[in-house]
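A structural walkthrough
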Amino acid sequence: MVPTPLKVTDLLLAWNKGEQAAFTKLVPLVYDELRRIARRCLRQERRCHTLSPTALVHEAYARLIDKNRVQWQHRAHFFAVAAQTMRRILVDYARRRHAARRGGTGLTLLLEETVGAGDRRDVDLIWLDDALNGLAALDAKQSQIVELRYFAGLTIEETAEVLAISVATVKREWSLARAWLYREMSQP
């Protein structure tokens with residue numbers, strides 16, 4: 001039985017109210033989707049490493065249960081935060097690996113048409129994180145849109161729902177963010 005978005009949202013809202021039983025019921029309902037997000041985060045990496053989708057989900061799970069201060073709004077909001085958490089885990093992993101190898105490269109992703117304007121490019125995850133942080137300094141909303149669309153795999157409609165903005169705004173900002181990132185990627 002596939003869980004309905006409403007059931008997941010109801011459990012998230014109950015968890016907000018402090019009902020631990022709601023969280024216990026929520027985990028089996030969202031686990032497969034969290035693994036899908038983890039596979040999406042990992043699938044474009046060029047090199048193999050020790051993190052598997054399962055390990056990434058479990059690490060994200062450990063961090064998510066510590067997010068008691070988050071007021072979950074709905075299912076899409078939960079998955080957006082989960083995807084952001086997974087991205088942070090991968091960036092931390094890449095930075096540690098880079099530091100351990102004294103100048104070695106971090107994780108490399110293949111950035112497809114989602115962000116890279118139609119072509120495939122090898123992009124270092126640390127560089128991508130830095131670029132997204134730079135974009136966030138210029139326009140936080142565009143950075144959030146990239147994160148939700150690229151890392152969480154949310155649709156334009158789901159992204160609009162999470163950010164509480166119109167679909168037209170998401171489309172416009174998504175296009176501008178992609179162009180900005182493409183320009184940044186094209187520089188030496």
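Residues numbered from 1 in each chain as written. Predicted model: local features only at pLDDT ≥ 70, side-chain atom pairs only at ≥ 80, totals over all residues. Heavy atoms only, no water.

Right, let's talk about helix α3 (residues 53-64) for a bit. Across its 12 residues, α3 extends 16 Å between first and last C-alpha, which sits within 8% of the 16 Å expected from 1.5 Å per residue. Among the residues making up α3, those that are buried are L56, V57, A60 and L64. In a view along the axis of α3, the buried residues occupy a sector of 100°, so they form one face of it. (Helix = DSSP H or I, 4+ residues; strand = E, 2+ residues; numbered from the N terminus. Expected span 1.5 Å × (residues − 1). Buried < 20%, exposed > 50% of the residue type's maximum accessible area, 1.4 Å probe, protein only. Arc of directions from axis to C-beta.)

What follows is about the packing of helix α6 (residues 125-138) against helix α9 (residues 167-186). Following both chains from N to C, one finds α6 and α9 inclined at 130°, their axes separated by 11 Å at the closest point. Classed by the angle they form, the pair α6 and α9 counts as oblique. Of the two possible hands of crossing, α6 and α9 adopt the one that is right-handed. In this structure, α6 uses W127, A131, L132, G134, L135 and L138 to contact α9, whose residues at the interface are A177, W180, L181, E184 and M185. For the contact of α6 with α9, a count of residues per class yields nine nonpolar, one polar and one charged. (Axes fitted to C-alpha atoms, helices over the stretch in contact; angles between N-to-C directions. Parallel < 35°, antiparallel > 145°, perpendicular 65-115°, else oblique. Left-handed = near helix turned anticlockwise from the far one by under 90°. Contact = heavy atoms within 4.5 Å. Nonpolar A, V, L, I, M, F, W, Y, C, P; charged D, E, K, R; others polar.)

Quick look at the nonpolar core now. With 56 residues, the main nonpolar core has F78 and M86 as its most contacted residues. Counting residues per element, this core draws most heavily on helix α4 (residues 75-100), at 13 residues. (Core = buried A, V, L, I, M, F, W, Y, C linked by side-chain atoms within 4.5 Å.)

Counted at 1.5 Å a residue, the expected span for helix α1 (residues 5-16) with its 12 residues is 16 Å, and the 16 Å between its end C-alpha atoms agrees. Among the residues of α1, V8, T9, L11, L12, A14 and W15 are the ones counted as buried. Count one or two residues on from α1 and you reach G18, which has phi positive near 95°.

Applying the stated criterion across every chain, the model contains five aromatic pairs. Summarising the aromatic geometry, the rings of W15 and W72 are spaced 5.8 Å apart at their centres and angled 15° between planes, so their arrangement reads as stacked. Remark: W72 occurs in the loop between α3 and α4 and W15 occurs in helix α1; sequence separation between them is 57 residues. W72 gets classed as buried once you look at its relative accessible area, which sits at 3%. Measuring from centroid to centroid gives 5.1 Å for W72 and F78, while their planes differ by 65°, and the two rings are edge-to-face. F78 shares its class with W72; the two are buried. One aromatic cluster is present, formed by W15, F23, Y61, W72, F78 and F79 through successive ring pairs. It is R149 that lies over the ring of W174; its NZ or CZ is 4.8 Å from the centre. (Phe/Tyr/Trp six-rings, centres within 6.5 Å; stacked < 30°, edge-to-face > 60°. Lys NZ or Arg CZ within 6 Å of the ring centre and 35° of its normal.)

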